[in-house]
Amino acid sequence: MAIHIPEEKILEIISAANISDIISERVVLKKAGKDLVGLCPFHSEKTPSFTVSPTKQIFHCFGCGAGGNVFSFLMKHDGIGFVDAVTSVARRYGIDLPTSDMSPSQKRTISERQQLFDLNKRVMAFFVSQLEDRAVGENARAYLAKRGFSHEIIQRFGLGFAPNEWDSLVRFFRKINAPQSLAEKTGLIIPGKNQGFYDRFRNRVMFPIFDVTRQIIGFGGRVLDDAKPKYLNSPETVIYSKSHSLYGVQEARNRARETGSVYIVEGYFDLLAMHQHGVTNTVASLGTALTAEHVRLLRRGFAQKAFLLFDSDEAGLKAAHRSVSLFMNEAMDAEVIVLPKGYDPDSYMFAFGREAFDDLSKKATGMVAFLIESAINANGLSMEGKVRIISELTGPLSEIKDSVSQSIYIKYLSERIGVDETAIAGKIEAEKRRASGQYNSGYTNRQEQSSPQAASTGETIISPEMNRIEKQIVTMMLKFPDIIPEIQKRQVLSYFGDKHLMDMGNLLIEHPVVTPEDLSGMMNRLFSPDAQKIMASLVISDDCWDYETANKLICQFMNSRQRRRGSLLNQIKAAEKNNDETLLFELLRQKQAQRAAR
Ligand SMILES: [Zn+2]
């Protein structure tokens, strides 16, 4: 927090940055008038209420109220701090941050993420050079060629080779003078038992893992023979989180956006095979089960529809079971493509080619239908089989939140196996009740966490109507700075009940907003994310002001506040009489706030 980036620098970054560029790298946005809209990355929704205004350089979600400027977006979306957000925008637009007046420890913090990205990039170049080395990389090159991968695809994905030594990367880090602590944080070297470090990846084909902005966040490695473990990934680091990362996103995104669909496979080679055969809207989950974050990332940033490529074996079925509710809950359309027994996407593509794959794609089935058919295949339609089918499907079916879809699937299952619909529905209801017991306790916990915030806003007595007028006044100060002297003269802000709005008003008096950069700069001065949210919601409105309407609003507000001041005294008396301590406390607080403000 002690790090200080000069305000002029921040303004320079703001005026160079374009919020729609940066957000559209992470969320699919469509034009809607002069704004852009998309599915909110911060809450689950089926129709877009997330709005980005290029003219105002802010974002605002009409659904959950999230909002702010380009920095607040990055902080919230990427889970990083303010300094990192500023640094990453500066880097993207080629603006140098002054580091001369910072202490060494400040310099380290300010760009640790960026330094890790940079170091990973050099590591990738090192692995690539090893793969290309005539002697060192010979076996690895032969291995990739044997598997059918073209030079072009190997280059496009930055594949490399970690030599069969204990310390080739350790030595490389030393050679380039990488700070020891930073090198450790890449997770690519491991401290030895007694002393020194050794390489995590040895004698492996190396796959750099990128994020959507083409920064390298980690690495995966595969052995050249049957040694174990076959695959190895970077550990989680400051910049690499497995549940949020998918392999191949940097290459898949554009095509996914064009086609509106994305293919999901499991492994590195599956992905490379798909891309080499022209199915470039493919990402890979890297062996880990898909998470809600993955699905959300894809639905918001890539496409509405997913095709999951499963083996017809048991593991594939299990994965499908787990995934049903993930996709349903994010309202992402998902269909399943079943590969013939014994094939994965990699071997299938090389054996049968693109055309066969396209034919197979056309036979994709909806996820629930796939589950039902697989359960029937596995258990048969004997009496015992039917019982097992129902008990297998109760879980996934009960997790479908949309009741219409749910009843359609129940009906389908009932007809398919010849069991009464109400009997199946009853089992599902019971399962839902059992599960909702758990959900409820989870929900209560969350509420408890957020309640101190709600209580501290102290809006118990201010009516929503008053709050609305205060909002209007701040909006007016934003949109019509000419009125600010009048607001000052009549001390309008001192009558405000909402603390955030009062702070904003005072800020606007000090720094009136004339250009979009002013606005974004203003956001940075609002330290609380709540205040930023409110500000974005005010800015997004499109009202116009003139002196006459402005004055009317001010008069209306002042009259009602003066009336309320009288009534505040009456209310205090009443509260005293009723021994309502909580109310009394709140009223006295308000009265005091009024006095202090004047
Ligand atoms: Zn939202």
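The structure this text deals with has already been given above.
Residues numbered from 1 in each chain as written. Predicted model: local features only at pLDDT ≥ 70, side-chain atom pairs only at ≥ 80, totals over all residues. Heavy atoms only, no water.

Observations concerning the pairing of strand E2 (residues 35-38)
Phase 1 of the analysis: Inspection of the sheet shows strand E1 (residues 30-32) paired to E2 by 3 bridges, in the antiparallel sense. Following the sheet pairing, Ala 32 is matched in E2 by Asp 35.
Phase 2 of the analysis: Hairpin connection between E1 and E2: a loop of 2 residues separates the two successive antiparallel strands, and Gly 33 in this loop has a positive phi of roughly 65 degrees.
Phase 3 of the analysis: In terms of strand pairing, E2 meets strand E3 (residues 50-53) through 3 bridges, oriented antiparallel. When the bridges of E3 are listed, Gly 38 appears paired with Phe 50. (Pairing = 2+ DSSP bridges. Helix = DSSP H or I, 4+ residues; strand = E, 2+ residues; numbered from the N terminus.)

Looking at the sheet that holds strand E10 (residues 216-223)
Phase 1 of the analysis: What the 4 strands build is an open sheet, ordered E6-E9-E10-E11; its pairing is antiparallel. Of all strands in the sheet, those bounded by a partner on one side alone are strand E6 (160-162) and strand E11 (231-233). The mean angle between the axes of side-by-side strands here comes to 35 degrees, regardless of whether they run parallel or antiparallel.
Phase 2 of the analysis: Where strand E9 (residues 204-210) and E10 come together, 7 bridges link them in antiparallel fashion. Residue pairing in the sheet places Ile 209 in a bridge with Gly 218 of E10.
Phase 3 of the analysis: Those strands touched by helix H12 (residues 268-276) are E9, E10 and E11, and its axis lies near 75 degrees from that of E9. (Axes fitted to C-alpha atoms, helices over the stretch in contact; angles between N-to-C directions. Contact = heavy atoms within 4.5 Å.)

Re the packing of helix H16 (residues 367-379) against helix H17 (residues 383-398)
Phase 1 of the analysis: It is the contact of H16 with H17, at a shortest axis distance of 9 Å, that shows an interaxial angle of 155 degrees. Comparing the axis directions of H16 and H17 gives the class roughly antiparallel. Between H16 and H17 lies a crossing of right-handed hand. For the pair H16 and H17, contact is made by Val 368, Leu 371, Ile 372, Ala 375, Ile 376 and Asn 379 and by Gly 385, Arg 388, Ile 389, Glu 392, Leu 393, Pro 396 and Leu 397, respectively. (Parallel < 35°, antiparallel > 145°, perpendicular 65-115°, else oblique. Left-handed = near helix turned anticlockwise from the far one by under 90°.)

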